[in-house]
Amino acid sequence: MFARINGHSLGLGKFNPDTMERAQSLQTGLPFNSFDSDGQITHPEVHLLARRLAAHGLLEYRLGSSFKGDNHVVIEPQAPNYWPQMPPLGDSDVLALSRFAYLRRRGHDMVLESPRASALFRIHDPQIVTAIARLSAPQQISNLRRRSDFVGRELLALLMDCQILIKIDPAREHGHRLDEGDNHLAFWDFHDLLFHARSTEGRHANPSGGTYPYVGLIPPLPAVRPSWSGEKIDLRRFSDGDSPPVSPAARLLRDRHSTRNFDDQRPITLTELSQFLDGTARVQARWSGKLEELADDGPEFEYATRPYPGGGAAYELELYLVVNKCEGMARGFYHYDAGEHALVPIAVRTQEVDAQLTGSQFAMGTPAPPQILIIIAARFGRISWKYSSIAYALILKDAGVLLQTLYLMATSMGLGACAIGSVNINLFAKMTGLEFHVEGPVGQLAIGRARPTAAD
Ligand SMILES: Cc1cc2nc3c(=O)[nH]c(=O)nc-3n(C[C@H](O)[C@H](O)[C@H](O)COP(=O)(O)O)c2cc1C
């Protein structure tokens, strides 16, 4: 059996004729209880097929009184492998909406989403929207059940599974961010977590990257901004683009360019990699002190000095290396310990290394993967412990600064580099075992020895 998606075929495996027959009803709706009854798998092959489709995010899950059309709620998976779960809920349990949950119009639908959720809920019944809005304040299940607009335990459990609803401990509840149960989550402002989860890959099903959505609708903007009216001061009198660079820095900037094709006959060496990291990312000094802007009882704050500037001297960015080809070093996944100037291997599956390299190859549109893919990851809490509203924006700015630092060092060492705009936060979380809101990728750069060009 194959699924056909946008002209691509996806093999689903071999199934017996009975399963093939039942699979047809997936077009209109296959009741869960026809293959899975209260967690007991009653039809293993149909279950296997459903799980395989779900692994690729190809199933939607409808809740309604009938499967013929009056769907009150449709669950759309946002991350691969989403499978609806209904954690047990007792009458005495108290539920509330997560502070990351939000409701918005999408086309003609109302969707209930959260950057924490692996699925979104398309809600067709305004009564359900009203009933869910009531959960902005904590509600006990027994009280909700007494109401005529009770949405049912199943929907509440499904929303809880997606962390759109959270269980509240009434003894602890004080409306504080910490109620959501994780110090690292408390650090995040709503808009920042949403921005992070939606502007990266892995946790949403929206189109991503260069999709040219406005071709034929809106013309592209010009490459250079049209001049303001007014009398110009012509700077070409003082410096001309054709004159020799005025300094080594100006030469370096002029020489820098993106390299996407690498010389795999002569890969980058471990010595070069060590020098590259030493010059760009190594911790040069550490010290700590009281925070002047806080009262005397403020905590000690630890600082480090590194070769590039960083917002608040927080230095929240970490380098992880996916090594494909490096002389003197095994293929694999490594963390650069910037304090010790050491590379520490992290055990991951070969398929995950392959997936990272293939992703970067795809982003660069090249026939071969890079020799090394550097993933720039942020320890988000290091910045957001201090900054409100601007934390994530600062992190992205820091990532830009670091990218240029890496580009310039590669240029000065005769190596090739290319920044990559996309990152997969789900894959990184799987490889490191770190939750996506604790530490995660915000930038990438491919490096290696450039393939000689005709001019060389
Ligand atoms: C933030 C950022 C993201 C980028 N993403 C990609 C990418 O995904 N794929 C790619 O081939 N090049 C990428 N590039 C490289 C740009 O395409 C390149 O810098 C631009 O075309 C200018 O060319 P130059 O770097 O050779 O001067 C990226 C550059 C930056 C700064």
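Before reading on, note that the structure itself is shown above.
Below you will find a few notes about this structure. (Residues numbered from 1 in each chain as written. Predicted model: local features only at pLDDT ≥ 70, side-chain atom pairs only at ≥ 80, totals over all residues.)

So, the overall build of the protein
Put simply, the rule is: Note on conventions: DSSP H or I runs of at least 4 residues are helices, E runs of at least 2 residues are strands, and numbering of each starts at the N terminus. Exposure criterion: with C-beta atoms placed from backbone coordinates, a residue whose C-beta has 20 or more other C-beta atoms within 10 Å is buried, one with 12 or fewer is exposed, and one in between is partly exposed. By the convention adopted here, residues make contact when the C-beta atoms placed from their backbones lie within 7 Å.
Secondary structure summary: the protein contains 13 helices and 20 strands in total. Expressed along its principal axes, the backbone C-alpha trace of the protein runs to roughly 80 × 65 × 55 Å. Per-residue burial for the protein yields a buried fraction of 29% across its 456 residues. Sequence separation of at least 24 residues holds for 68% of the intrachain contacts in the protein that already meet a minimum separation of 6.

Here's the deal with the site of the ligand
The criterion, for reference: Defining nearness, a residue is near a molecule or strand when the C-beta atom obtained from its backbone falls within 6 Å of it. Side-chain classes follow a simple rule in which Ala, Val, Leu, Ile, Met, Phe, Trp, Tyr, Cys and Pro form the nonpolar group, Asp, Glu, Lys and Arg form the charged group, and the remainder, Gly included, forms the polar group.
Close to the ligand lie His257, Ser258, Arg260, Ala363, Met364, Leu403, Cys418, Ala419, Ile420, Gly421 and Ser422. Elements supplying a minimum of two residues to the shell around the ligand: helix 10 (350-364) and strand 19 (416-420). The biggest single contributor to the shell around the ligand is strand 19, with three residues. Its residues assigned to classes, the shell around the ligand comprises six nonpolar, four polar and one charged.

Notes on the pairing of strand 1 (residues 2-5)
Rule in force here: Two strands are counted as paired when DSSP detects at least two bridges linking them.
Sheet topology note: the strand 1/strand 2 (residues 8-11) ladder contains four bridges and is antiparallel. Looking at the pairing, Ala3 lines up with Leu10 of strand 2. Remark: two residues form the turn of the hairpin made by strand 1 and strand 2, two consecutive strands paired antiparallel; Asn6 in that turn has positive phi of roughly 45°.

Section: the sheet that holds strand 19
The criterion, for reference: Comment: axis = line fitted to C-alpha atoms, over the contacting stretch for helices; angle = value between 0 and 180 degrees taken between N-to-C directions.
Read from one edge to the other, the open sheet built from six strands follows the order 17-16-15-18-20-19, with strand pairing classed as antiparallel. Strands at the two margins of the open sheet, each flanked by one partner only, are strand 17 (342-346) and strand 19. With direction set aside, neighbouring strand axes in the sheet form an average angle of 30°. In this structure, strand 18 (residues 372-379) lies alongside strand 20 (residues 439-448), joined through eight bridges in antiparallel fashion.

Observations concerning the environment of His8
Structurally, His8 can be placed in strand 2. Exposure remark for His8: the 8 C-beta atoms within 10 Å place this residue in the exposed category. Separated by 411 residues in the primary sequence, His8 and Ala419 have C-alpha atoms spaced 28 Å apart.

Remarks on the sheet that holds strand 11 (residues 139-140)
Across the sheet, which stays open at both edges, the three strands sit in the order 11-7-12 with antiparallel pairing between neighbours. In this open sheet, the two edge strands, each paired with only one partner strand, are strand 11 and strand 12 (165-167). Each of strand 7 (94-97) and strand 12 is contacted by helix 5 (residues 153-161), which is oriented at about 90° to strand 12, the strand it contacts most.

Considering the environment of Arg306
Mapped onto the elements of the fold, Arg306 is located in the loop between strand 14 (300-305) and strand 15 (317-323). Those residues in contact with Arg306, other than ones at most four positions away along the chain, are Ala281, Val283, Gln284 and Tyr315.

Some remarks on the packing of helix 9 (residues 270-280) against helix 12 (residues 391-412)
Test applied: Each angle receives one of four descriptions, namely roughly parallel if under 35 degrees, roughly antiparallel if over 145, roughly perpendicular if within 65 to 115, and oblique otherwise. Left-handed describes a crossing whose near helix is turned anticlockwise from the far helix through less than a right angle; right-handed describes the clockwise counterpart.
In the contact formed by helix 9 and helix 12, the axes pass within 10 Å of each other and the chain directions differ by 135°. Between helix 9 and helix 12, the angle falls in the class oblique. You can see that helix 9 and helix 12 cross each other, and the crossing is right-handed. For the pair formed by helix 9 and helix 12, the contact residues are Phe276, Gly279 and Thr280 on the first element and Thr405, Leu406, Met409 and Ala410 on the second. Its residues assigned to classes, the contact of helix 9 with helix 12 comprises four nonpolar, three polar and no charged.

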